[in-house]
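Here is how the chains run, residue by residue.
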Number of protein chains: 2
Amino acid sequence: MNIRLANRMTRVQPSAIRELLRHGADPRIISFGGGYPDSSLFPLEQLEAVYHASIAGDGREALQYTVSNGPLKLREQIASRMRKDGVECGADNVLVLQGGQQGLDLVAKMLIDKDDVIVTENPTFLGALIAFNPCEPRYAVVKMDDDGMDMDDLERTLKENPAAKLLYTVPDFQNPTGVTLSRERRKRLVELANRFDFVILEDTPYRELRYQGETIPTIKSFDTEGRVIYLGSFSKILTPGMRLGWAVGSEDLIQRLGLLKLAADTQCSTLNMAAASLFLDKYDIDAHIATIRRTYRRKKELMLDTIRRTFPQDVAFTEPSGGMFTWLTFPENFDTTRFMADHALPEARVAYVPGATFFPLEQQVNHARLSYSTHTDEAIVQGITALGRLLTSRRGA
Amino acid sequence: MNIRLANRMTRVQPSAIRELLRHGADPRIISFGGGYPDSSLFPLEQLEAVYHASIAGDGREALQYTVSNGPLKLREQIASRMRKDGVECGADNVLVLQGGQQGLDLVAKMLIDKDDVIVTENPTFLGALIAFNPCEPRYAVVKMDDDGMDMDDLERTLKENPAAKLLYTVPDFQNPTGVTLSRERRKRLVELANRFDFVILEDTPYRELRYQGETIPTIKSFDTEGRVIYLGSFSKILTPGMRLGWAVGSEDLIQRLGLLKLAADTQCSTLNMAAASLFLDKYDIDAHIATIRRTYRRKKELMLDTIRRTFPQDVAFTEPSGGMFTWLTFPENFDTTRFMADHALPEARVAYVPGATFFPLEQQVNHARLSYSTHTDEAIVQGITALGRLLTSRRGA
């Protein structure tokens, strides 16, 4: 039976990397692959209390349908947190989403026709490419350095692609590289958006996980023409299993995204939204985030120290000031995908995400993403040391 | 600021009916508009227990990310229920969805290019049109009678539209009409799908809410070529606020829908899936559904009796043997949208859904959908009586 599929399905394919990482689900493997938060930090007692209160208190409402954009109270709470972060907005600028991922899907649907150009960092978040691909875009990419996207390279890219409609960026502790876009570049990015008439999608799920240095204002806070759509998420600051994120944008764009949300899945879980709202009311989420930050900072330093001690000198790595990832760069001919399948998995019993998958156009084979958020200190030292020894022994051979 | 939108956004517009029903949110209005289940039937104590157990027992897992298609155990539980309903399937044939609505979005994405034809009942479920519209389909419609879609009219439609790719149907207690597709027509529908090479999307959230007569086998159970995708939902048999539904189809199609699900929102809420799975384990959902059925049956009879007593003779209504809706047909020139805005809301303080919105092509103005599931017996009698008196007085005038 051959079903006649839509054309867009040529762009929707199983990922070889996912398959490879699935083999890494073996419990004897230490995987630094997944971008999972540390579940030992989930505030279970408090969550138990807010779910109990939401069901026992007003479960008839908390388990019924609700408004598609999310309950007013939760949207007000989110807007209030955004204002504290320097973004002028109210509840009508907020759309509650099924995780930040849904924002990627809906924004692409709203803006992108087949062959429209989306500009991304190079490399960029794989999940964004997966979300954008069904709209059949073309990609144009921008070089990065330790301060994020290179604005001169962006301007060159825009001159080559003057009809580009959307620029996608993870400005804070980027996935996969861990680097952060500087303040000056954020301002210049908005100026370029105004001049070249495109929308900026600012996707920043790790923003509140800063371990050192000063917080840089959001790109949205520099927005003068309603061109920036901000995506936030409760996945890394509360739990991913609630599947809650949000978009902030102009009322016009939020209303349109809300219509697409209604079409796609009616609404987020009423109960999860009620529980998140009650959590924000009853507990100090900022204190909770401070605990996450302390823990991840320690893990990050432990991972980087272990890399310094055990990896060959010719492997470079980024030193992120927040987030969950460091990005490895091996000598040019070193193929991290092949190395993982042939050596890292069977010999060191360690997994990572090979970097090739994060490049929208020409895939570079000599990178890898490591996440330090999931594992215990012991597992980090054990896994990184095993990987370092393997690399050293094979490079020396 | 004019943002350059995707072409599909011309098909994504606010609905005038939604606006009208929003005015009906006034607490003095009795609205028979929403397709909401009766929240007084939610099994709150049991739900409180399964959420408590899911968080206190294994919250680190229940609040973490999980596999995109849904946990194996829940997919097995759903497959087991489907097999009891005569559908041969296993866990790999099941995809857990953010409510049935997400299935409409994903199936359209998988199959429909711009101007591809989708065949629907006439009238059909408005939410399906809202989900399909971003794919920019054309619609072809099929006449209905008390046994659902007229198969001769379908065959005529297919001959006119031989390239039609997808047929959408709500075969059990259809939304909006309440009618059920007969067994013989289900068999013939599958034969026509094989002959004309299209996919059948069998959307049946009300299937288990049968109040009288024998259950008719699913269309999926007649499927010989893997052409039928079945959509089920926990919204009407457990609660809508958990946002859980499921698709059942061939492994090939389920895998493709799973990739689209991953792209759209990563996964459903891990916690809600864990709670639903535990509920199915610990409690007798069929006993719970029997309670819902008894209650809705009583409400349906109360509503129909009150219509018989108070409505003018020239208003026809369907007598559904299950589900949540009856469908009114007024004399041809009677405009139910105008009547609601001008009279039903301000004078009787009653809302319904005007029928025009359920017609994909030529809108018929003289219908209305009434839901009997939401309100108390008293409110049903009060609201229907007020509407009947208003109709009688105005028609007599």
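Residues numbered from 1 in each chain as written. Chains lettered and ligands numbered in written order. Predicted model: local features only at pLDDT ≥ 70, side-chain atom pairs only at ≥ 80, totals over all residues.

A look at the overall build of chain A
Test applied: By the criteria applied, helices consist of DSSP H or I runs no shorter than four residues and strands consist of E runs no shorter than two, each listed in order from the N terminus. Computation of the radius of gyration draws on C-alpha atoms, with the globule rule given as 2.2 Å multiplied by the number of residues to the power 0.38. Three exposure classes are used, all based on how many other C-beta atoms lie within 10 Å of a residue's own C-beta (placed from the backbone): buried at 20 or more, exposed at 12 or fewer, and partly exposed between those limits. Contact between two residues is assigned whenever their backbone-derived C-beta positions fall within 7 Å.
The number of helices and strands found in chain A is twelve helices and 15 strands. Taken over C-alpha atoms, the radius of gyration comes to 21 Å for chain A, in line with the 21 Å a tight globule of 397 residues would show. Across its three principal axes, chain A shows a C-alpha extent of roughly 65 × 55 × 55 Å. Burial status across chain A gives 55% buried among its 397 residues. In chain A, the proportion of contacts linking residues at least 24 apart, taken out of those at least 6 apart, comes to 76%.

Concerning the sheet that holds strand β2 (residues 94–97) of chain B
All names here are of chain B. Heads up, the condition is: Any two strands between which DSSP finds at least two bridges are classified as paired. Every axis in this analysis is a line fitted to C-alpha atoms, fitted for helices over the stretch in contact. Angles between the N-to-C directions lie between 0 and 180 degrees.
The mixed open sheet is built from seven strands, whose spatial order is β2-β10-β9-β8-β7-β3-β4. One side of each edge strand has no neighbouring strand; the edge strands of this open sheet are β2 and β4 (138–142). For this sheet the average axis-to-axis angle between neighbouring strands, irrespective of direction, equals 20 degrees. Pairing of β2 with strand β10 (residues 245–248) involves four bridges; the strand directions are antiparallel. What sits directly across from L95, in β10, is A247. The sheet contacts of helix α8 (residues 251–265) involve β2, β9 (228–233) and β10, and relative to β2 the element is tilted by about 25 degrees.

Let's talk about the interface of chain A and chain B
Spelled out, the test is: Residues are grouped as follows: nonpolar covers Ala, Val, Leu, Ile, Met, Phe, Trp, Tyr, Cys and Pro; charged covers Asp, Glu, Lys and Arg; every other residue, Gly included, is treated as polar.
Between chain A and chain B, the residue contacts involve 63 residues of the former and 63 residues of the latter. At the level of secondary structure, the elements contributing two or more residues to the side of chain A that touches chain B comprise α2 (44–62), α4 (99–111), α5 (126–132), α8 (251–265) and α9 (270–282) of chain A. Per-element accounting of the side of chain A that touches chain B gives the leading share, ten residues, to α2 of chain A. Here the side of chain A that touches chain B is composed, by residue class, of 34 nonpolar, 17 polar and twelve charged.

Quick look at the packing of helix α4 (residues 99–111) of chain B against α8 of chain B
Between two packed helices, both the angle of their axes relative to each other and the distance between the axes serve to describe the pair. Residues and elements named next belong to chain B. Where we set the bar: Put simply, angles under 35 degrees are roughly parallel, angles over 145 are roughly antiparallel, angles from 65 to 115 are roughly perpendicular, and the rest are oblique. Crossing handedness is defined as follows: a turn of the near helix away from the far one that is anticlockwise and smaller than a right angle gives a left-handed crossing, while the clockwise case is right-handed.
Where α4 contacts α8, the two axes come as close as 10 Å, and the packing angle between them is 115 degrees. Considering the angle they form, α4 stands roughly perpendicular to α8. Of the two possible hands of crossing, α4 and α8 adopt the one that is right-handed. Taken together, the residues of α8 that come into contact with α4 (itself represented by L106, V107, K109 and M110) are R256, L257, L260, K261 and A264.

Details of the relation of the copies chain A and chain B
What counts here: Least-squares fitting of one copy onto the other uses the C-alpha atoms of those residues that reach a pLDDT of at least 70 in both copies.
For the pair chain A and chain B, the superposition axis carries a translation of 0.0 Å, the fit reaches an RMSD of 0.0 Å, and the rotation angle comes to 180 degrees. The superposition operator between the copies reduces to a two-fold rotation axis. In this assembly, 100% of the residues forming the interface of chain A have copies in chain B that are likewise at the interface, indicating an isologous arrangement.

Quick word on the pairing of strand β15 (residues 367–371) of chain A
Residue and element names in this part refer to chain A. Most of β15 is tucked away: five of the five residues are buried. By the alternation rule, side chains of β15 split into H367, R369 and S371 and A368 and L370, which are all buried. Of the strand pairs in this sheet, strand β12 (residues 325–329) and β15 are connected by five bridges, and their pairing is antiparallel. Looking at β15, one finds that T329 is bridged to H367. As defined by bridge partners, strand β14 (residues 353–354) adjoins β15 across two bridges and the pair is classed as antiparallel. Its bridge partner being in β15, V353 is matched across the sheet by R369.

Focus on the domain arrangement of chain A
Note on interface size: it is often stated as the accessible area lost on association of the parts. Residues and elements named next belong to chain A. Let me state the cut-off plainly: An automatic or database domain assignment provides the domain bounds reported here.
Segmenting chain A into domains produces domain 1 (15–43 + 287–396) and domain 2 (67–266). Every contact between the two is made by 25 residues of domain 1 and, on the other side, 28 residues of domain 2. At the level of elements, α10 (285–310) and β12 are the ones that each hand at least two residues to the side of domain 1 that touches domain 2. With six residues, α10 is the largest single contributor of residues to the side of domain 1 that touches domain 2. By residue class, the composition of the side of domain 1 that touches domain 2 is 13 nonpolar, eight polar and four charged.

Brief notes about the environment of A108 of chain A
All names here are of chain A. Take A108: it is sitting in helix α4. Look at A108 and you get buried, because 26 C-beta atoms sit within 10 Å. Along the chain, A108 and P137 lie 29 residues apart, while their C-alpha atoms are 9.0 Å from each other. The contact partners of A108, leaving out residues within four places of it in the chain, are A131, F132 and C135.

Looking at unusual backbone geometry
Trans is the common state for peptide bonds, and a negative phi is the common state for residues other than glycine. At the junction of N175 of chain A and P176 of chain A, the peptide bond is cis and its omega measures out at 20 degrees in the coordinates. Residue position: P176 of chain A is located in the loop between β7 (166–169) and α7 (183–196). A positive phi angle, near 75 degrees, is found at D115 of chain A, a position not held by glycine. Within the fold, D115 of chain A resides in the loop between α4 and β3 (117–121). Here D115 of chain A falls in the exposed class, since 10 other C-beta atoms lie within 10 Å of it. In this structure, R349 of chain B takes a positive phi of about 55 degrees despite not being glycine. Looking at the secondary structure, you find R349 of chain B in the loop between α11 (336–348) and β13 (350–351). Accessibility expressed as a C-beta count within 10 Å gives 18 for R349 of chain B, which makes it partly exposed.

Considerations on the nonpolar core
Here is the rule we go by: Think of a nonpolar core as buried Ala, Val, Leu, Ile, Met, Phe, Trp, Tyr and Cys residues, each tied to the set through C-beta atoms within 7 Å.
Core analysis: the biggest nonpolar cluster contains 236 residues, and A247 of chain A together with A247 of chain B have the highest contact counts within it. Among all residues touching A247 of chain A, those that are not within four sequence positions of it are L95, L97, G103, I229, Y230, L231, I254 and L257 of chain A.

Here we look at the packing of helix α6 (residues 151–160) of chain A against α7 of chain A
All names here are of chain A. Packing of α6 against α7 leaves a shortest axis separation of 11 Å and a crossing angle of 10 degrees. Between α6 and α7, the interaxial angle falls into the category roughly parallel. Residues M151, L154, E155 and L158 of α6 form the contact with α7, whose participating residues are R185, R188, L189, L192 and F196.

Remarks on helix α3 (residues 72–84) of chain B
Residues and elements named next belong to chain B. The condition that has to hold: Take the number of residues in a helix, subtract one, and multiply by 1.5 Å to get its expected span. Note: the arc covers the axis-to-C-beta directions of the helix.
Along its 13 residues, α3 runs 18 Å from first to last C-alpha, staying within 8% of the 18 Å computed at 1.5 Å per residue. Those residues of α3 that fall on the buried side of the exposure criterion are L74, R75, I78, A79 and M82. Down the axis of α3, the sector holding all buried residues measures 135 degrees, keeping them to one side. Facing away from the buried surface of α3 by more than 90 degrees, the exposed residues are R83 and K84. At its buried positions, α3 is contacted by β2, β10 and α9 (270–282). Following α3 by one or two positions, G86 has its phi on the positive side, about 90 degrees.

A few points about the environment of V365 of chain A
All names here are of chain A. Locating V365 in the fold gives a position in the loop between β14 and β15. Considered as a pair, V365 and A49 are 316 residues apart in the sequence and their alpha carbons are 47 Å apart. With near-sequence residues (within four places) excluded, V365 lies in contact with D335, T336, T337 and A356.

Some remarks on the sheet that holds β15 of chain A
Taken together, the four strands give an open sheet; going across it, the order is β11-β12-β15-β14 (chain A), and neighbouring strands pair in antiparallel fashion. Each of the sheet's edge strands pairs with one partner strand only, and the pair in question is β11 (316–317) and β14 of chain A.

A word on the confidence of the model for chain A
Detailed conclusions should not be drawn from predicted coordinates in areas where pLDDT is low. Rules: As a per-residue quantity, pLDDT reports the predictor's confidence and falls between 0 and 100.
Averaged over all residues, the pLDDT of chain A is 96; the fraction at 70 or higher stands at 98%. Two summary scores accompany this predicted model of the complex, namely pTM at 0.97 and ipTM at 0.97.

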